[in-house]
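# Secondary and tertiary structure notes
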Amino acid sequence: MGVEAHATNERVTGRRWTVRLDPVGRGRADVRVSCSRPACAAQVLPSAADGRTAAIAHLKAHLRAGPAPRPSVHCACRAEECHTHIRPAGPRERPVPWRCGGAVVLAVITDREGRWWQVMECCSRCAAAHPTAKVVATAPAAETSARNDGLRADAGASAAPAVHAPTFSAISPHFSHSATATAVPQQASAPRSAARSAPRSARPTRKRPPRGRIAQRLVPHDLRPVALRDELTELGELFRAYQARTEPDLAMLADLHARKAEAFNAWAEVTADTGLRLDARRAEQAAATARLQHLHRIGQAPDGEGPAVVRLLTAPAQWNHARAVLAHVAENAPLPGAEARLLVVMVTLRTAQSGVGNLVGQDIKGLPLQDPEHLVGQLVESGWLGISGTVEELIASRPESPTRISVPSLTPDEDDPGPFTFGRKLRPKLSGWAQRVVGEKKLRKGKTGADVRLLALALATGADGEGLLGPGGEGIGLDALSSWCSVDPADLPDLVDRLTAADWLAEADVTDTLLTGRLTERVLPLGCPLT
């Protein structure tokens with residue numbers, strides 16, 4: 001015990017860090033994932049399940065990238081005198097703390113509700129005392145007393161046994177309180193004298209710890225401080241994991257670039273490397289760009305640039321599905337003319353997911369059609385539309401008794417799943433969005449025709465997040481617009497004037513080939529920005 005107490009002055013306390021899952025605010029479903037490690041930025045997730053998944057993934061990334069448990073450190077619990085592992089006392093007993101002992105291990109403890117996870121570099125006795133501890137790596141216990149005795153002994157005295165690299169569990173850590181702990185085998189350390197007497201070819205090779213890689217740079221294994229080395233190694237792993245994702249997450253990418261900029265600045269301070277400072281500056285620019293792109297995708301404005309646009313369709317996937325429906329109608333419209341095209345758009349959105357749906361008379365009579373009965377009859381005669389009953393019954397039907405309709409070309413079967421990939425929940429959102437656009441108040445008051453409302457649909461899906469028409473605000477081709485609206489290109493300037501009068505367009509300019517301009521702020525919520 002005397003030698004062990006003396007060693008306290010030379011040995012450091014084991015590492016410990018915590019990953020937490022906390023609610024963002026009262027009455028809100030989103031949660032915040034935070035980590036006590038340096039340079040780990042907090043992340044907000046939409047639900048507790050997503051937050052728990054992200055927290056466990058973040059913790060596993062630390063465990064993979066971090067160093068193994070060190071056999072010479074003091075138990076992390078020792079700083080608290082093992083107060084977290086005090087045995088419960090009886091009515092006449094004093095609480096007795098666990099004594100530290102055994103090999104140093106890397107253990108993960110968690111609460112039973114899954115609200116926090118703590119990694120501790122502690123002794124095996126304290127790890128065993130905690131009911132939820134899971135040992136993910138272990139190191140042979142350091143023979144401190146033998147080492148000190150060897151320093152005082154003669155040169156011929158036996159030295160302390162060699163310390164081998166820690167043995168990691170072959171099974172990934174599982175952070176569930178109900179899981180059983182997996183015993184991690186320890187490799188027996190061979191005496192140093194036997195190792196010296198063995199042939200050189202049979203001696204175990206000493207390997208340096210694996211070196212991390214980030215941005216085509218190797219992280220030196222002797223880089224100090226150790227926290228900076230661990231942060232750079234972990235960032236490299238996170239960037240490679242992000243590149244393997246099937247879907248982009250610009251908010252996550254912006255956070256990674258921000259952490260990279262901070263870490264590279266610290267690395268440059270340690271090494272006085274100008275190239276690292278330049279890389280840090282580029283990472284800061286990349287973080288700002290990714291964060292701005294993320295705000296544009298979700299329809300929000302950066303801080304200090306005015307209120308965010310609350311869009312009817314909120315996600316890029318929904319915007320792309322809306323464009324897919326309009327493109328399908330343009331290629332497969334059964335009848336010519338703007339009125340037929342508009343009716344086909346609305347019926348397609350009613351039946352897009354399963355090929356069948358319901359219509360009432362007001363759905364058709366609310367559209368700017370000169371002879372709706374004749375037009376519906378033409379669609380039925382062409383075989384594109386099927387209705388239960390007659391056309392007259394469809395026009396006269398009311399919401400309490402809708403008419404069942406079907407579109408055979410949209411009905412999925414075993415060989416053909418249909419032209420659209422969105423689900424049942426998104427279909428009514430897309431249909432409601434189209435009704436809001438073609439039935440917009442000023443378009444109705446201006447008694448605009450089907451061609452003007454088709455142009456409004458095209459421009460709503462052909463502008464960027466700020467309302468500028470065309471990719472990069474360069475405009476939309478007149479040929480594409482005239483084909484979609486089913487009108488002659490010479491008629492487009494008049495349609496543009498009518499949309500401008502209805503406060504849909506501003507700064508509009510029609511050239512021989514392009515329509516440029518922007519959507520007004522009033523109709524930005526109806527837009528589906530180009531991404």
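Residues numbered from 1 in each chain as written. Predicted model: local features only at pLDDT ≥ 70, side-chain atom pairs only at ≥ 80, totals over all residues. Heavy atoms only, no water.

## A word on the overall build of the protein
Counted only if it meets this: In this description a helix means any DSSP run of H or I spanning at least four residues, a strand means any run of E spanning at least two, and both kinds are numbered starting from the N terminus. Each residue gets one of three labels from its accessible area relative to the maximum for its type: buried under 20%, exposed over 50%, partly exposed in between, using a 1.4 Å probe on protein chains only. The contact definition used throughout considers only heavy atoms, calling two residues in contact when any of these lie within 4.5 Å. With residues, only the protein chains shown are counted as cover, and all accessible areas are computed by Shrake-Rupley using a 1.4 Å probe.
Per the secondary structure count, the protein includes 18 helices and 15 strands. A buried classification covers 40% of the 531 residues belonging to the protein. For the protein, restricting intrachain contacts to residue pairs at least 6 apart in sequence, the fraction spanning at least 24 positions comes to 62%. Total accessible area computed for the protein in this model is approximately 29,200 Å², and 51% of it derives from carbon and sulfur atoms.

## Topic: the pairing of strand β12 (residues 403-406)
What counts, and what does not: A pair of strands is considered paired only if DSSP assigns at least 2 bridges between the two.
Side chains of β12 alternate between two faces, with Thr403 and Ile405 buried and Arg404 and Ser406 left unburied. Here strand β10 (residues 356-359) pairs with β12 via four bridges, running antiparallel. From the neighbouring strand, Asn358 faces β12, where its bridge partner is Arg404. Alignment of strand β11 (residues 386-387) against β12, held across two bridges, turns out to be antiparallel. Bridged to Gly386 within β12 is Ser406.

## What about the pattern of salt bridges?
Between side chains of opposite charge, a pair can form as their charged atoms come close. Cut-off, in case you're wondering: One speaks of a salt bridge when a side-chain nitrogen belonging to Lys or Arg is within 4 Å of a carboxyl oxygen belonging to Asp or Glu.
For the coordinates displayed, the defined rule picks out 20 salt bridges. A salt bridge links Arg217 to Asp279, with the shortest nitrogen-to-oxygen separation between them at 3.1 Å. Separated by 62 residues along the polypeptide, Arg217 in strand β9 (residues 217-218) and Asp279 in helix α8 (residues 274-297) bring together distant segments of the chain. For the salt bridge of Glu231 with Arg259, the shortest nitrogen-to-oxygen distance reads 3.1 Å. Taken together, the positions of Glu231 in helix α6 (residues 226-243) and Arg259 in helix α7 (residues 250-271) put the pair 28 residues apart, joining distant regions of the chain. Taken as a pair, Glu231 and Arg259 share a single burial class, namely buried.

## Comments concerning the sheet that holds β12
Sheet strands line up and pair through hydrogen bonds in the backbone, either parallel or antiparallel. Spelled out, the test is: Axis geometry follows a simple rule: fit a line to the C-alpha atoms, using only the stretch in contact for helices, then measure angles between N-to-C directions, giving values from 0 to 180 degrees.
Taken together, the three strands give an open sheet; going across it, the order is β10-β12-β11, and neighbouring strands pair in antiparallel fashion. Two strands bound the open sheet, and with one partner strand each, they are β10 and β11. Against the sheet, helix α10 (residues 338-351) contacts β10 and β12, and its axis sits at roughly 120 degrees relative to β10.

## Let's talk about the sheet that holds strand β13 (residues 476-477)
Pairing within the open sheet is antiparallel, and its three strands lie in the order β13-β15-β14. On the outer flanks of this sheet lie β13 and β14 (505-510), each paired with one strand and no other. Bridge analysis of β14 against strand β15 (residues 514-519) gives four bridges, and the strand direction is antiparallel. Pairing of Leu505 across the sheet is with Leu519, part of β15. Helix α18 (residues 492-501) rests against β14 and β15 of the sheet, and its axis sits at about 165 degrees to β14.

## Remarks on unusual backbone geometry
That bond from Arg224 to Pro225 is cis: its omega, 5 degrees, falls within 30 degrees of zero. Examined against the element boundaries, Pro225 turns out to sit in the loop between β9 and α6. Phi is positive for Asp503, close to 60 degrees, though the residue is something other than glycine. Relative to the assigned elements, Asp503 resides in the loop between α18 and β14. Taking the relative accessible area as the measure of exposure, Asp503 reaches 30% and is therefore partly exposed.

## Considering the confidence of the model for the protein
Using the following cut-off: Confidence per residue, as judged by the predictor, is encoded in pLDDT with a range of 0 to 100.
In the predicted model, the protein carries a mean pLDDT of 79, and the fraction of residues at 70 or more is 78%. Predicted confidence for residues 143-195 stays below pLDDT 50, and this span has 66 contacts to residues more than four positions away or in other chains.

## Overview of the side chain of Arg323
Put simply, the rule reads: This count recognises Lys and Arg as positive and Asp and Glu as negative, with His and chain-terminal groups excluded. Whenever a nitrogen or oxygen atom comes within 3.5 Å of another N or O atom, the pair is scored as a polar contact, on the condition that within protein one atom can donate a hydrogen and the other can accept it, and that pairs from neighbouring residues in sequence are kept only if both atoms are in side chains.
For Arg323, the position within the fold is in helix α9 (residues 316-332). It is Asp464 that comes nearest to the buried, bridge-free Arg323 among opposite-charge side chains, at 10 Å. From its side chain, Arg323 meets the backbone oxygen of Cys528 in a polar contact 2.7 Å long. Apart from the residues lying within four places of it in its own chain, the contact partners of Arg323 are Thr461, Cys528, Pro529 and Leu530.

## A closer look at helix α2 (residues 48-65)
Short version of the rule: The span one expects for a helix is its residue count, reduced by one, times 1.5 Å.
The terminal C-alpha atoms of α2, which comprises 18 residues, lie 26 Å apart, in line with the 26 Å expected from a rise of 1.5 Å per residue. Among all positions of α2, only Gly51, Ala54, Ala55, His58, Leu59, Ala61, His62, Leu63 and Ala65 are buried.

## Some remarks on the packing of aromatic side chains
Convention followed: In summary, the pairing rule links any two rings of Phe, Tyr or Trp, Trp by its six-membered ring, whose centres are within 6.5 Å, and it sorts them by plane angle into stacked for under 30 degrees, edge-to-face for over 60 and tilted for everything else. Geometrically, a charge over a ring is one whose NZ (Lys) or CZ (Arg) sits within 6 Å of the ring centre while staying within 35 degrees of the ring normal.
Scanning the entire structure with this criterion turns up two aromatic pairs. Relative to Trp267, the ring of Phe264 has its centre 5.5 Å away and its plane inclined at 80 degrees; by these criteria the two rings are edge-to-face. With Phe264 and Trp267 both in helix α7 and three residues apart, this pair spans about one turn of that helix. Positioned above the aromatic ring of Phe239 is the side chain of Lys260, whose terminal nitrogen or guanidinium carbon lies 5.8 Å from the ring centre. Against the face of Phe264 rests Lys260, its NZ or CZ located 5.5 Å from the ring centre.

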